[in-house]
Each structure stands twice: as C-alpha cells, then as structure tokens.
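# Survey of secondary and tertiary structure
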Amino acid sequence: MNTAHKPKARYGMVIDLDRCNGCGGCAAACAVENNVPPAAPKASDRTGLTWMRIYRAENGRSFPENRTAFFPISCQHCGAHTPCVSVCPQNAVDINPETGVVSQIPPRCLGCRYCMTACPFHARYFNWSDPEWPRDMENALNPDVSVRMRGVVEKCNFCHSRWQAAVAKAAANGKREIDPADYVPACVEACPTEAIAFGNLDDPRSEVSRQSRAPNAFRLLAKLGTDPKVYYRSDRDWVRRMGDTDVAYESEASRG
Amino acid sequence: MDKGLIRRGIRRCSTGQFLAWLTPWVAMLGFGVLAIGLCLVKGLNQTNMDNRFAFGLWIFLDLTIIALGAGAFFTGFLLYILRREELRAVINSAVVIGFICYSGAILVLMVDVGQPLRAWFTFWHPNVHSMLTEVTFCITCYLTVLAIEYAPIMLKNRQLRKVPSFLVFEFELHKVMPVFAAVGTFLSFFHQGSLGGLYGVLHGRPFAYREGFAIWPSTFFLFILSAIATGPAFVLLTTWMVSKVARKELVRKNVYSLLAKISGWLLIVYVGFKSIDTLVWLNRTAPLSGVSPIRFYAWAPFDIWLLFVEIAGFGLLPALIFLSPARRRSVPWMIAGSLLACAGVATNRFVMTIQTLAVPTLKFEPFMLYYPSWQEVATFLFVVAYGVILYSLSFRYLTLFPQERDLQH
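Residues numbered from 1 in each chain as written. Chains lettered and ligands numbered in written order. Predicted model: local features only at pLDDT ≥ 70, side-chain atom pairs only at ≥ 80, totals over all residues.

On a plain count of helices and strands, chain A comes out with seven helices and 10 strands. The C-alpha atoms of chain A give a radius of gyration of 18 Å, which matches the 18 Å a tight globule of 256 residues would have. Its C-alpha atoms put chain A at 55 × 45 × 40 Å along the principal axes. Residues counted as buried form 47% of the 256 residues belonging to chain A. (Helix = DSSP H or I, 4+ residues; strand = E, 2+ residues; numbered from the N terminus. Rg over C-alpha atoms; globule rule 2.2 N^0.38 Å. Buried ≥ 20, exposed ≤ 12 C-beta atoms within 10 Å, placed from the backbone.)

This part is about the overall build of chain B. Scanning chain B from N- to C-terminus turns up 13 helices and two strands. Relative to the 2.2 N^0.38 estimate, which gives 22 Å for 409 residues, the radius of gyration of chain B is 22 Å and therefore close to what a compact globule would have. Seen through its principal axes, chain B has C-alpha atoms that stretch 70 × 55 × 40 Å. Every one of the 409 residues in chain B was classed for burial, and the buried ones make up 50%.

Regular strands have side chains that alternate between both faces of the sheet. All names here are of chain A. Most of strand E8 (residues 196–200) sits out of view: five of its five residues are buried. With five bridges joining them, strand E1 (residues 11–16) and E8 adopt antiparallel strand pairing. In the strand pairing of E8, Val14 is matched with Ala197. (Pairing = 2+ DSSP bridges.)

Another point: unusual backbone geometry. Residue A:Pro64 is reached from A:Phe63 by a cis peptide bond, and omega for that bond is 10°. Of note in the backbone geometry, A:Asp227 takes a positive phi value of approximately 50° without being a glycine. Here A:Asp227 shows up in the loop between strand E9 (217–218) and strand E10 (230–233). Even without glycine at this site, B:Ala214 takes up a positive phi of about 50°.

Time to look at the confidence of the model for chain B. Model confidence for chain B is summarised by a mean pLDDT of 93, while 100% of its residues fall at 70 or above. Interface confidence for the predicted complex, given as ipTM, is 0.93, next to a pTM of 0.93. (pLDDT = per-residue confidence, 0-100.)

Another aspect to go through is the sheet that holds E1(A). Taking strand neighbours across the sheet as the criterion, the four strands line up as E8-E1-E10-E9 (chain A) in an open arrangement whose pairing is mixed. Lying at the two open borders of the sheet, with one neighbouring strand each, are E8 and E9 of chain A.

What follows deals with the interface of chain B and chain A. Counting from both sides, the interface comprises 46 residues of chain B and, opposite them, 54 residues of chain A. When contributions to the side of chain B that touches chain A are tallied by element, the ones reaching two or more residues are helix H5 (121–124) and helix H6 (131–155) of chain B. Considering every element that reaches the side of chain B that touches chain A, the biggest residue donor is H6(B), with three residues. For the side of chain B that touches chain A, the residue count by class is 21 nonpolar, 18 polar and seven charged. (Contact = placed C-beta atoms within 7 Å. Nonpolar A, V, L, I, M, F, W, Y, C, P; charged D, E, K, R; others polar.)

Counting residues in each nonpolar core, the largest one holds 187 residues, and the members touching the most others are A:Met13, A:Ile15, A:Cys84, A:Cys115, A:Ile196 and B:Val95. Excluding residues that lie within four positions of it along the chain, A:Cys84 makes contacts with A:Val93, A:Val102, A:Cys115, A:Ala118, A:Cys119 and A:Arg124. (Core = buried A, V, L, I, M, F, W, Y, C linked by C-beta atoms within 7 Å.)

A pair of packed helices is captured by two measures, namely the crossing angle of their axes and the spacing between those axes. Residue and element names in this part refer to chain B. At a closest axis distance of 9 Å, the pairing of helix H2 (residues 57–68) and helix H11 (residues 331–358) adopts a crossing angle of 145°. Viewed along their axes, H2 and H11 form a crossing whose handedness is right-handed. Taken together, the residues of H11 that come into contact with H2 (itself represented by Ile59, Phe60, Leu63, Thr64, Ala67 and Leu68) are Cys342, Val345, Ala346, Arg349, Phe350, Thr353 and Ile354. Classifying every residue of the contact of H2 with H11 by side-chain character gives 10 nonpolar, two polar and one charged. (Axes fitted to C-alpha atoms, helices over the stretch in contact; angles between N-to-C directions. Left-handed = near helix turned anticlockwise from the far one by under 90°.)

Taken residue by residue, chain A gives an average pLDDT of 91. The fraction at 70 or more is 93%. The low-confidence segment residues 249–256 of chain A (pLDDT under 50) makes 23 contacts with residues lying over four places distant or belonging to another chain.

Attention now moves to helix H4 (residues 160–172) of chain A. An ideal rise of 1.5 Å per residue puts 18 Å on 13 residues; H4(A) measures up with 18 Å between its terminal C-alpha atoms. Just downstream of H4(A), A:Gly174 is the residue with a positive phi angle, here 75°. (Expected span 1.5 Å × (residues − 1).)

Our focus in this paragraph is the environment of A:Lys8. Residue and element names in this part refer to chain A. Along the polypeptide, Lys8 turns up in the segment before E1. A residue is classified by how many C-beta atoms lie within 10 Å of it, and Lys8, with 12 of them, is exposed. Considering only alpha carbons, one finds Lys8 and Val102, 94 residues apart in sequence, at a separation of 14 Å. Excluding residues that lie within four positions of it along the chain, Lys8 makes contacts with Pro97 and Glu98.

So, on to helix H7 (residues 164–200) of chain B. With 37 residues, H7(B) should reach 54 Å at 1.5 Å per residue; the first-to-last C-alpha distance of 51 Å fits that figure. A bend of about 50° at B:Val176 is the largest found in H7(B), and the proline B:Pro178 appears one to four places after it. (Bend = angle between axes of the 7 residues up to and from the residue.)

Attention now moves to the environment of B:Leu68. Residues and elements named next belong to chain B. By secondary structure assignment, the location of Leu68 is in helix H2. Along the chain, Leu68 and Val235 lie 167 residues apart, while their C-alpha atoms are 8.4 Å from each other. Contact partners of Leu68, with chain neighbours within four places excluded, come to Cys101, Thr230, Gly231, Phe234, Cys342 and Val345.

Positionally, A:Asn139 belongs in the loop between strand E6 (125–126) and strand E7 (153–154). Spatially, the C-alpha atoms of A:Asn139 and A:His81 are 40 Å apart, while their sequence positions differ by 58 residues.

Turning our attention to the packing of helix H10 (residues 305–323) of chain B against H11(B). Residues and elements named next belong to chain B. Running from amino to carboxyl end, H10 crosses H11 at an angle of 150°, the nearest separation of the two axes being 8 Å. By the angle class used here, H10 and H11 are roughly antiparallel. Between H10 and H11 lies a crossing whose hand is left-handed. For the pair H10 and H11, the contacting residues are Leu306, Val309, Glu310, Phe314, Gly315, Leu317, Pro318, Ile321 and Phe322 in the first and Trp333, Ala336, Gly337, Leu340, Ala341, Ala343, Gly344, Thr347, Asn348 and Val351 in the second. (Parallel < 35°, antiparallel > 145°, perpendicular 65-115°, else oblique.)

And the structure:
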C-alpha cells in the first residue's frame, strides 16, 4: 500500500544527538502528558510502555577510546509505505492527512500486534496488563488524552491532543492556520539541552526544516525507504553510522 | 455400552478402555482451560511475549498446524477435482484433521489477540491491503467449508442414519461435495499464501522481506507449496499413528505410497523454488535494504546451520526418500520421510516467525530470544488434547477409513 500522499503539513522532529545526554526527561514528560501508566508489577524493559525510549549506543572501542551516544526513539511517523498502516487488518492505524502524523486508534485495535512485528523501529508498545495508577495519582491524569485499555497497541502521536488544542485556539481566533508556538510536543518542551526541534518539515522557514537539511542530519534505517519524519543529527561519524540498516555485531550492541 | 453407535462389522475397544484412553487427554484439556482462563482474565502478561517478540509460540504453532492441516483441502482437491480415487480411503480422516487444525488455530488466535471480542471488527472495517485481513476472511470461510465437509461424515453414523431427513441431507451434501472441495481449495490456496505474505511484505524487516510477483511476495507462493507438499505427508503420518494406536490396518499400502509420492514431487519443487528464493534474497533483496545478509546469522542460536537444516535436511532429504520407489515400499522409510517433511514445515514457520523477530533492525539493538511461559505451552496443549479427543470420538463412532472393514477380514 502506498501511503505516500501529500499531507497539508508534515510534522517532524530533529534530535541533536550531540546534545542529548540521555537524561530521560523527554520520556518522563511524554508519559505524563499522554497518560502512560506506571510499569505494571513484574514488567520488564521489554514489556513496558515507553513511547519515547532512550537507547544507548557505544562505539565498540575500549577505554580510553570508548564513546557513548544516546538515541531517543519514538514512532518515526514514516511517510512512505508506512509499515504499520498497511498491515493492520482493521484500519486501526492511519495517517492524519492534515499533519502527516501516524495515529493509532486504540478503541479499534484488535491487539494482534502485527503492526509491532512490521515496525522496524520497535516503536510500538502493547498493553500487556491493565493500566493502573497509584491511588490519587489518577487525579493528575491529563483530561485531554484518553487512557488505553489492556490488550491494545499504543505509540507516540506527536502529542496529538496538543495539536487539537492549537487548532481549536486558532479557530477561536478566526484563523485557519495554527501558530507553530501553540503546537509543541511534551518531549520537545521538556528537553533540558534543547536537543529536539519540532515543526512542519514542509515549511522552509521552520527551524526543524532547516536542521533536517543540515549536512550532519540523517534518518534511522533510511535504506528501508519508509521516509521517517524524525531526523537525527551528529557531527560524529560513528554515531551517524548507527543509523544504517546493517544488523549489529553482538559485541557492538548495547541497549538502554 | 456404546455398541449401537459403532459401525457394523468394525472392531473397537471396550467403552472402559476408550474412557481410560481419553482420561489423560481430558486432564490435559483441563490444564489448558486453566491457562486460557488466566490469559483471558488477567491479560497477556501471563505470557512471556514482549514488545520485541510480539509474536511468539502461538503464532509459530498456529502457522505450523494450519500448514499441516492443508492435507484436508489438498486431498479433497486430488480426490474430487483430479479424481485420484485411491484417496477416498483417507479423505474423511483428512477432513477431520483439517477441521481440528483450523479450529484449534482459531481458538489459540482468540487467546493470542489482546481484544478477542473485537475480532468482528476485521469484517466491519477491513483493511483490504493487509495480508492478515485476507487470512482472517479465508480461514473463517474455510472453517465453515470444513464444518460442511465434516457434516456428512457425522450424519453417516449408525444412529443418525436412522433419521430419514439426515440421510437425504447427507446424500444431497455428497452430490455437491466437489463444489465445496473446489471452494475449499480456492480459499486454502489464498490463506496459506497470505500467511506467507504476512512476513514477505514486511519491508521494515529485511530478514523476512521478499520480492515477488505483483502484490504477492515470494513467501506467498512458498507457503502454498510447502503446505500442499507437507499436507499429504501429515495425512500419511496420522493414518499410520492411528493404525498403531488402534493396532490394525486402516488403509491399503498403495495409499501410503501414493501420498508419499505426491508429497515427494511437491517437496522437490518446493525445495527448488525455496533455494532460488533464498539465493535472490541473500544476493539482491537484503543488500538492497542495506544489510549484509551474513549478519543475519551472526548469532549462535540461529546460525546458518538452521537454513541448511531447513532446506536440505527437512526438505531435500524427505523428498528423495519419497521419490525413491524402493523407499516407498517400506512403511518405516515413509514414516521417517513424513516426520522430516513435517519438521521442515515447522522449521520454516519457526524461522519466519521467531527468527524474524530475534534479528534486530536497529544497529544498537541486540539479537534476542524469548522462552514461552507455561501458560503459552498449556494453551497449545489444550489444542493438542482437543484434537486427540475429537479425533478419537470421530474414529470410534464415524467412518474415517472406509477400507478398514474390508482389511480386518
């Protein structure tokens, strides 16, 4: 299925890996904003819900040449032949034509997990358990985001509720276009080193568009041809090579 | 006690012996019910699957038993469409096995999905681009066809035959059976193919992705071929196993030999295409995705030996056994060949399901493995027990092997 249609806007991110120190602030802000429940009892790093996940990569050398980089990875919002969209048997995954954002529809999801198998970025997460919040913490849930039930898949949607709020605000002011300052995902807002830029990639004046065209910008697994809308930047060669498709040697592999 | 239900002129063990045979299987069934209950009530945290191993033991075994169940439609196709009358000796058994395999697979799928009550959504708002949609439609329809094919076998029971309307219905069903055999063949070809397509279309997973013809990746055709090659071998194997348990001949030797010959020819064709496909994948498809394919096998548990075992050990070897007229005169050789062929289809489904997920895509992710939980194993044992019980009841009270009566005299 060719999903390469032209959306009105093409929201995307550029993450500067040379600025990222792996603090995890983006992941925490994401979880709070999107009502991602705390890890269930006995959940592991393989069964948790981490819409934004920080991976650690190493250059494979020994001390003192050893180097580390952190890769914050969320859904890459693929724009062409989007792997998860074409495989879902009941259209529970879609691309918003207004924004280019790949969206998940949990109330329609069967929980077959075929989309997770299809996603090369491991950016989709399954609710293996009932979501539960500690007592009183439910009062702190974000009222603009639905909580998900057990047995469905969920993932980053570039804080869709914030986009809806921005659209509503623009409409209230009689405008057709949103003010870019009104639509900033939680992870971007939370990053203490300002490593993440966000905006419309199709707007040549936007910071994100400028950064995505920088010579040190790259995308993960670009050869798979899925046209991800999340870019990464690094001046370090070995970090940029980490975006290649080639399967890692075990010794090189390290996991966050 | 149940003599009135058993076909005239057929020897069966006593009711007591039969109940003793069923007892362990019923216990296993109960164990499975417990595991299924836990999964349905507490959720899939009862399994050891995770976000990387989103598919696990269940999908691997579902694909395997669906492939083995292909013996039903393919025997039907050979008998009703190609008129291989010798296969009338095993068609009833093949239909029952097919029914067990498909209903068992659907049952496990219902536990495997996170929201089983939403299964009907696929019919309500289907994504016509998804191979899984096609699989869902065809498997559901084909299970209905299998139930229709099962009906006349049941209606032939000694007591049910006494109801005149059943007799008429059974007679009418027989007349249209070639139509159902044709429909079943069509449906089965497509869903066996689409099960292969499930993996072949995953262009985000270079280990699974295959180029193909039009919208179908090569795995679409390879899954059809491997299923129809193994189906007859599985019919052969189960017939032999039943005859060992029942301690009597159920079919004439020429039926075994014919099934082995069919399986052999199809296996050799499969091995040929599979080898070509593997070479194209290793030399063209994977490198185009930016992967040096040898890296797929850089991890000991899934070393390159698995590829050779799958194609040569479990593909070429049984094909050569089956194609040798001397070996086809020996039942032990044919059984060995059948076991190898069935192991081959299981290995292929294992590789496509488990190895695909074990191989990382991101460079900083490691190879991974997962071990199923006891709930996953017990859920599958439920299907095994259900299959044995349903088959045992069918064997005792229905005519699964028409030649049996002649052979015991």
